Each structure stands twice: as structure tokens, then as C-alpha cells.
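# Breakdown of the fold
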Amino acid sequence: MSEKYLLTTALAYTNGPLHLGHARSTYIPADIMKKYLKLKGKDVIHVGGTDNHGVPITLTAEKEGVKPEDIVNKYHNEIKRDLDNLNVEFDSYGKTHSDIHIETAQEFYLKLKENGYIYEKEIEQFYCPKCDRFLADRYVEGTCPFCGGEARGDHCEVCGRHLEPTELINPYCINCNTTPELRKTTHRFFKLSALSDDLRKYVESSDMPEHVKNMAYSWINELHDWDISRDIKWGVPIPDSENQVMYVWLEAPIGYISFTKQLGDVWRDYWLKKDSNENENNNYNTKDVKIWHFIGKDITVHHSVFWPGMLIANGEYNLPSSVISGGYLTLEGRKMSTSKKWVVWVDDFVKYFDSDYLRYFLMVNAPLNRDCDFSFDEFQKRINTELIAIIGNFTHRALVFSHRKFKAIPVVDEENLKDEDKELINKCKETVEKVDKHIMEFNFKDAIMDIIHLAKEGNNYFQKMEPWTVEDENRLKEILYTCAVVVKHITYLLYPFMPNKTMKLLDLMNEELDLEIRGNDLKKPKVVFTKIEDDQIKMVKEKLLKSEDANEKRKEKNKIKRNEKGDSMDLISIDDFAKIELRVAQILEAEEVPKSKKLLKLIVDIGDEKRQVVAGIKGHYEPAELVGKKIVLLCNLKPAKLCGVESQGMVLAAGDEVVALLTPDKDVPVGSKIC
RNA sequence: GGGACCGUAGCUCAGCCUGGUUGGAGCGCUCGGCUCAUAACCGAGUGGUCAAGGGUUCAAAUCCCUUCGGUCCCA
């Protein structure tokens, strides 16, 4: 049976471009899955687009004095550019502010109404008499009734509580500061509460991971009806109501359907139920189509409860098989924040690094459902010591050697291979199975680790076989053939993660994206996996993290230190202090440590002996001005080598940006103990 | 305020559901070897009061409770 797969990615909101967090939680994982399924010959499409409605966009438009459409178009284009740069492929990419979507959403709504899931109710809403309009939640600010802090609409900035805007103390219209009044308005409601039993059955039969199911259940137990009307102009008009548009969470997910429709009639094969009685058998898990929604963890409940609820109520469509919710990305250990400019935009990042490196790092550094930290140092480390040193080096050494000896990959009869060759080829096959299992379970990190293990086996084999000492040409061919098989497997399995790099490797090999060896001539091997140099990381950090506020950084640093220690100030006893031997020392010689940016080598006199110590004060002191200075030295520190130079103690100094050596206030003899 | 998830080697993570051989992997670090290769490779070694406290049990990283720290959600 040929299974169909429909992958969707969360619709990007058009009030900004994409940052690394979007890439990590949603788009890269979906694209990896898409590329992998395609590689396996599956029928798979990836559908996505942008979410163009909602209040934040109208706020941005008002602030900039332009039309909402202008904001939407600008960011729609930027988001698509970013996705292209990340090599994320779509079969269809749309906008919710498009005719096909508006039409689809309205039809969907009318079907809900026809099925009896829509009703009207009069409610009270804030209305600004001066602006002459109803105020959406975000247009009202005031004081939080719980903590007295400043609250924006439905959320308190201080205590983080969720609020009803009508609970606010001293509410005001953010546009004109006028105190809004409550006015009656008739809203449409979606009868979500009627769907509890169906939803419970659906979630149970779905392939969602346990933690998603648990969250869904806790919501399903306390469902209430959904207010789906908004008294604003920007949005999808509710067909049977004047001056109202649909709540974005009602219409946006319908985009998954409308954007699939852009592909033409095939959309029906993915979305429309084959058997309209299917749900009656309590079997919501369709066998012939897998619909997988890739999303960020913040919108899990919308995709595991509200959206399936809409689909059940509508009755015409297949339900999602699973919801893959990606964890958040922190930047250098801190939450990303676009308002605080603590963020790395995709567009900036790809100016400096191959997007393949980003794809690799973001998938290998943490499992998908967990939060992941992006730090430039960690990024460099993982790329250089893992990807390049293991995978990059193996593929390169194998190709270079084959090229030098035969100008091609030698093809031999596998039957005649020696046991150790066959064993390695078997490992390749085993790896294909393991990687397949991991990818199909969305364990991308484990999949990559298995590829690394295979490359390690390859390196191991190469080392043991010592092809550079092998005189027998036939044997050499067998060894290099075996290596080529490994390279081919690595390339194949790595392709979904790193499409650019693997295609370059295949080009050097004159090979196709499969597991065969054709024995074609090799091109002159070039280094495909290039190293990330220290200078490059330093430069990029300065460019991309420069918006960082120095105070924030310091605060964060202190916070991290506190967390490490468990408390802000751990108390020690006098006995603990007695363990530390501090003495007054005099600097006799000072010189720079070559190859180091921060270190000076000092020879100091501590009274009864001379010590060599290395201090990180280069740039803060000239070697010449140090000679003769009396300083404080920690004498009983375990010796350590810094940049290859032994240090027998530690010079005490204070400060971060300005560094000052500690010196005795009065002249005391060299070697004096400090206590 | 309510709910969900997370806290395991210097770093990033497995293991926990279904308690029971010496708690694993990659990186790092130390030592030794090698040179085909991007100062890359190979081998050996190093390293953990499994957040803290309490409980259940013959036995707990694993089950239960509390506390602390982190994250997300509240239509």
C-alpha cells in the first residue's frame, strides 16, 4: 500500500522575518522529514505559508502608517527568502490573506454552522468612544488586578498571569489613552465543548507523542466554547456577520487545506475523507494518509485539540496523524527576545555560514522536543570536532586516496571481499535501518549520532587496513571499494540533514543520490566540510550579538554563576580559607606567550623560591611595566599548562573590561603571607 | 492562580514507561601510537552523592511525595 504523507509547518506570522528559533523548532525538522521520505520514494508533500491576520499586524501597520497588506507582503517575502536560504523546500506556499484561503475558510465556517456547531451570543467588549471602535485585547492596557503590575491586554507583563482584559484596573486604549467603555456586541461561538468525547477518542487513536497526548487530555477535560468573532476589519470576514472577522485561530489552520488546494485537484487525495463513515467507527487515524503538523511547542494545544475539533465538527476532512512540537531555542543560554534584540535572524546567519551547518547543529545538539541552546562557541565546537573531524575527514581521506591511486572509485565483486570488509559493509546496512527507525520517530539527534558512528567505523577500518602500505593492487581496490561503500551510505543518510554538502560530495564522486557504486571517475577532491575558524566565530559574534545590552549580559552572567553555585553567596568556614595560600610576590620577568591573545608569562619571586606563572592580563598591562611590581599570588594552586606553558600559581586581579592587579597597600617583604 | 514538561560525567544528550548484571554515547581532558587525510586519524585511560530531601521496596537514576531551579500553555 502506498502511503501518502502531508507535512505542514506552522504558518509564520508576517510581522517579522525568521530567526534561528523558527528554523529549529519547525522548518528544519519538517524539511528533513520531507527530504528523507522523498529519498525513500514516498509520496510526500510539504505545505506551508504565512499567517497574515490578527491584531499585531494591524498594530505594526498603524505604527508605521502603512496598510496591513504592506506589512504582510514585506514579511511574507522575507520569510520565504529565509526558508529558501535554509534549503527548506515547499510543494505549496501560500498566504492566509489570499482569495483561495478566504474562500476556503468561509466555506469551512459555513459547514460548521450547517452541522450545528455555531451559535450566537451577546457579550460585553471594551469599546473606545474616541476611536469609535471595539478594542481587541491587545489594544487595551492597564493595571494587573493580581500584582499591580503593568498588564497588556490579556497578559500581565510582571507576574505573567493570563487575564481577561475586563479584569484590568484603570484600563485605557493604547491608541488614544481614553478609558474604554463596555458595550454589547453579538459574537459567534464554536461549540467546542460538545466535542470532548470525540476528541478524546481521536487523541487516543492518533500517533501523537505521549507528552502531547497528556496535554491534550487535560484540555479536553475542561473544554469550553470558543468565541470566534472579532470586531475588527483585518481578517477573514465572517460570511453571516457584518463588520466582524474570524478569530485567527479559527481561520489560520484552515490554511493547511487552502494551501494544499493551490496544487490543484490532488489536494483531495490528502485531505478529503475516503469513507465518510470513517469517524463513526471511532477510527480517526487514517491509514492511507499521514498528516503531520510540525509546530513550535507554544501552539501544541491548538493543533492537538482545537484544530482537530474543528475538523471533526466539519466532518469532511482527514485528521492529523500527529503533531510534532519542537522545543524552543535559547541564544547563548538566554531566552531569545526580538524586543530586546537578543536574537539571531536567519538572514544574517546565512551570510556567514552554510545553512547545512545550522541544520546539523540544531538537530544534533538536543532532541527535537526539548529546548536547545544556540551558542556560537558550541556551534563551532560541534562542527569542527564532530562533523568535520569524524565525518568530513573520513569522506575526504577516502576520496583523496582513491583519486590518487586510481582516479576513480574501484569497483570489485563483493563476494570476494574479506571478512573485515564485509563486516563493515554490513554495518552500513545496519546503520540504514537504525537511522530509518530514528528518523521515522523524529529522533533526528540519534539518527545523526548513528551516522557519526558509521564514520568512526570507517576511520577505524582505514587505520587498520593501512591502505598506504598495501602493495597488492587488487587488495587495495577492495579496501577502497569498501570505503566508498561507507562514504556512499554516509552521503545518502546525511542528505536530508545536509543537502548542500552531500550534493557536493556526490558531485566529486560523479555519483547519484543512492546506495550504488558505479565506479565513475572521481573529480579532484576538494575539502567539502570546511572548518570554522576562531577568528570567524569571533567576528560573527561581534556582529550578530552586538545589540546586546552590557548590563543585561552582566546580570545574566551573575545569574548563571549563582545557579551554578546554587546560591548567590555560599558561606565558607575559616578553615576553608586557611587552605588557600596567598603571598606577596614580586615580578622579576614578564613576556608574552606566543600564539595567545590573553596570556603573559611571568617569573615571580615568592620569598623562598621563584615561580613561573601565566596570567591572562595581556592587553591590560605591558610586560615591561610589570617588572618589579609586587602582586598577590595564589601559591598552592595545582600547576596547569596554558597554551603549552606551565603555570605554577595564579596572579590575583580584579575586573572584567578594566583589569587591575592586586597589590599590597604598603611596602611589605616579598613572600609575606596574606591572611 | 491552574495545567504540562524538564533537571544524569567539564559540555550536549541516552537510560526512567515495564525498579535488579560494574549508569552509556559523542565531544573535552591525559597518556601512547600512526601519517593516507582538513594539526585530521587510531588505541588506552580519565571522569557522575543520577538537582535536594523524604517515602515505598530485599533492591530506586527508574515508582510516590515535598522543596528548589528552568521552560511552555491558559482558548
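Everything below is about the structure shown above.
A brief look at the structure comes next.

Cut-offs used in this document
- Residues numbered from 1 in each chain as written.
- Chains lettered and ligands numbered in written order.
- Predicted model: local features only at pLDDT ≥ 70, side-chain atom pairs only at ≥ 80, totals over all residues.
- Heavy atoms only, no water.
- Salt bridge = Lys/Arg side-chain N within 4 Å of Asp/Glu carboxyl O.
- Helix = DSSP H or I, 4+ residues; strand = E, 2+ residues; numbered from the N terminus.
- Buried < 20%, exposed > 50% of the residue type's maximum accessible area, 1.4 Å probe, protein only.
- Polar contact = N/O pair within 3.5 Å; in protein donor to acceptor, adjacent residues only side chain to side chain.
- Contact = heavy atoms within 4.5 Å.
- Core = buried A, V, L, I, M, F, W, Y, C linked by side-chain atoms within 4.5 Å.
- Near = heavy atom within 4 Å.
- Nonpolar A, V, L, I, M, F, W, Y, C, P; charged D, E, K, R; others polar.

## As for the pattern of salt bridges
Any two side chains of opposite charge can pair, on the condition that their charged atoms come close. Tallied over the entire structure, the rule returns 41 salt bridges. Salt-bridge contacts for Glu316 lead to Lys111; the nearest nitrogen and oxygen are separated by 3.9 Å. Placement of the pair is Glu316 in the loop between helix H10 (300-314) and strand S16 (322-326) and Lys111 in helix H4 (residues 99-114), with a sequence separation of 205 residues. It is possible to trace a salt-bridge network through shared partners that takes in Asp31, Lys35, Lys38, Glu89 and Arg359.

## What about unusual backbone geometry?
If you check the backbone angles, Lys407 has positive phi at about 60 degrees while not being a glycine. As for its position among the elements, Lys407 is in the loop between helix H13 (376-406) and helix H14 (419-440). Here the phi dihedral of Asn510 falls at roughly 55 degrees; this positive angle occurs in a residue that is not glycine. Position of Asn510 relative to the elements: it lies in the loop between helix H17 (499-509) and helix H18 (534-544). With relative accessibility at 33%, the residue Asn510 sits in the partly exposed group.

## Thoughts on the side chain of His303
Tracing the backbone shows His303 in helix H10. Residue classification places His303 among the buried residues on the basis of a relative accessible area of 2%. Of note is the side chain of His303, whose polar atom sits 2.7 Å from the side chain of Tyr256. Apart from the residues within four sequence positions on either side, His303 is in contact with Trp249, Tyr256, His293, Ile295, Pro308, Pro320 and Val323.

## A word on the nonpolar core
Formed by 109 residues in total, the largest nonpolar core has its most connected members in Phe374, Phe376 and Phe379. Among the elements that line this core, the one with the most residues is helix H16 (residues 473-494), at 13 residues. Setting aside anything within four residues of it in sequence, one finds Phe374 in contact with Leu20, Leu329, Thr330, Leu331, Glu332, Phe349, Leu358, Phe361, Leu362 and Phe379. In this structure, Val47, Tyr109, Ala252 and Phe306 belong to the second largest nonpolar core, which totals 55 residues.

## Remarks on the protein's contact with RNA strand B
For RNA strand B, the set of nearby residues contains 50 residues, the closest of which are His162, Trp226, Asn365, Arg370 and Asn393. Here, RNA strand B places atoms within 4 Å of the protein, and 75% of those atoms are sugar or phosphate. A distance of 2.7 Å separates a phosphate oxygen of RNA strand B from a polar side-chain atom of Asn460. Secondary structure elements with two or more residues in the surface near RNA strand B: helix H6 (210-220), H13 and helix H15 (444-465). Among the elements that take part in the surface near RNA strand B, H13 stands out by supplying 15 residues, more than any other. Residues belonging to the surface near RNA strand B are distributed by class as follows: 20 nonpolar, 14 polar and 16 charged.

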